[in-house]
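Report on the structure
So the chains spell out like this:
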Amino acid sequence: MTIEQYTSIMYSLFKTNAKDTDSTLDTLISQFGLLDSEKEFTKQKVLKDYNLGIYHLNPRQFDNLINMVKDRTLNENEILNKLNFYEIDTKYQNHIVTFLKGYIQSKKQIEVSEMDSNFKGVQVATNDDFNEILRCGYTGDWVIDPRNVKPLRIQIASMNETGSYTRGYYMNADIDRMEAIEYEEKIRYRIFLKNPIIVNSGNRNIKFSTNPVRYIK
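What this report covers is the structure whose coordinates are included nearby. This is a predicted model, so every value here is computed, not measured. (Residues numbered from 1 in each chain as written. Predicted model: local features only at pLDDT ≥ 70, side-chain atom pairs only at ≥ 80, totals over all residues. Heavy atoms only, no water.)

Regarding the packing of aromatic side chains
Rule in force here: The rule is short: rings of Phe, Tyr and Trp, with Trp giving its six-membered ring, pair when the centres are within 6.5 Å, and they are stacked under 30 degrees, edge-to-face over 60, tilted in between. Numbering of helices and strands runs from the N terminus, with a helix taken as a DSSP run of H or I at least four residues long and a strand as a DSSP run of E at least two residues long. Buried, partly exposed and exposed residues are distinguished by accessible area as a fraction of the type maximum, computed with a 1.4 Å probe on protein chains only: under 20%, between the cut-offs, and over 50%, respectively. We call a charge positioned above a ring when the Lys NZ or Arg CZ atom is no farther than 6 Å from the ring centre and deviates by at most 35 degrees from the ring normal.
For the structure on display, the rule yields nine aromatic pairs. For the ring pair Tyr11 and Tyr103, a centre distance of 6.0 Å and an interplane angle of 15° mean the geometry is stacked. You can see Tyr11 sitting in helix α1 (residues 3–14) and its partner Tyr103 sitting in helix α6 (residues 90–106), a full 92 residues away along the chain. Its relative accessible area of 13% is what places Tyr103 among the buried residues. Note on Phe130 and Tyr165: the rings are 5.6 Å apart at their centroids and 25° apart in plane angle, and the pair reads as stacked. One end of the pair, Phe130, is in helix α7 (residues 130–136); the other, Tyr165, is in the loop between β4 (153–158) and β5 (169–183), with 35 residues separating them in the sequence. In this structure, Phe130 and Tyr165 share a single accessibility class: buried. By the ring-pair criterion, three or more aromatic residues cluster together here, those being Tyr11, Phe14, Phe62, Phe99 and Tyr103. The positively charged end of Arg177 is found above the aromatic ring belonging to Phe192, 3.8 Å away from the centroid.

Observations concerning helix α3 (residues 36–51)
To keep it simple, the criterion reads: Take the residue count of a helix, subtract one, and multiply by 1.5 Å to get its expected span. The directions from the helix axis to the C-beta atoms form the arc being described. Here, residues are in contact when the closest pair of their heavy atoms is within 4.5 Å.
Look at α3: 23 Å from first C-alpha to last across 16 residues, which is about the 22 Å you get at 1.5 Å a residue. Burial in α3 covers these residues: Thr42, Lys43, Val46, Asp49 and Tyr50. Down the axis of α3, the buried set is contained in an arc of 140°. They therefore lie on one face. Summarising the geometry of α3, the exposed residues directed more than 90 degrees from the buried face are Ser37, Phe41 and Lys48. Where α3 is buried, its residues contact α1, α2 (21–29) and α6.

Quick word on the side chain of Gln5
Condition: In protein, a polar contact means a hydrogen-donor-capable atom and an acceptor-capable atom, both N or O and within 3.5 Å, with residues adjacent in sequence counting only if both atoms are side-chain atoms; elsewhere, any N or O pair within 3.5 Å suffices.
With respect to the element layout, Gln5 can be found in helix α1. Residue classification places Gln5 among the buried positions, given a relative accessible area of 9%. Reaching out from Gln5, the side chain makes a polar contact with the backbone nitrogen of Thr2 at a distance of 3.0 Å. Ignoring any residue separated from it by four or fewer positions in sequence, one finds Gln5 in contact with Phe32, Val199, Asn200, Ser201 and Gly202.

Structure (structure tokens):
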């Protein structure tokens, strides 16, 4: 799990009603493509770091600290002075600073192709809702050359600003088949999926190119 993903969990956890912490954390952790054997370990680590850090801030203090670093810089002495002003015990302060450093990292702009360094195949960027893609079992229709899709894997990057799966989320899947569709005298391909997994990259400042299709080899 990357620092961006870890920070995303912590941020969402802070914004969650305390009575829903356990169920929310289970849902969040399921969005990072972890093995079942890794999920419980990650859950306990997140809870430990959360309880030793940002848990001790009230919502106003938390938002004030976020605003202090929203320009993607962090003056550690300034943050520590602010925490002392808030009367936050020193044993929690380093954990809070670490969280803020991760938050800055998650706000840095990255290319859409950099969300998942291990992915190989064809990547497409779309405004389509992931829930609808899962219901239909396909995405498309795309101007692609099937011969360039090696291996037969697809990554669907979300371009949405709102909804369940916003920028930073992507879906990885095996390609079951590609069907040629004639569209305005051009051939496009409808890509049918199998074994789809939705992942939260933890990044929100995703830069998209004008071409929604990329071959990643």
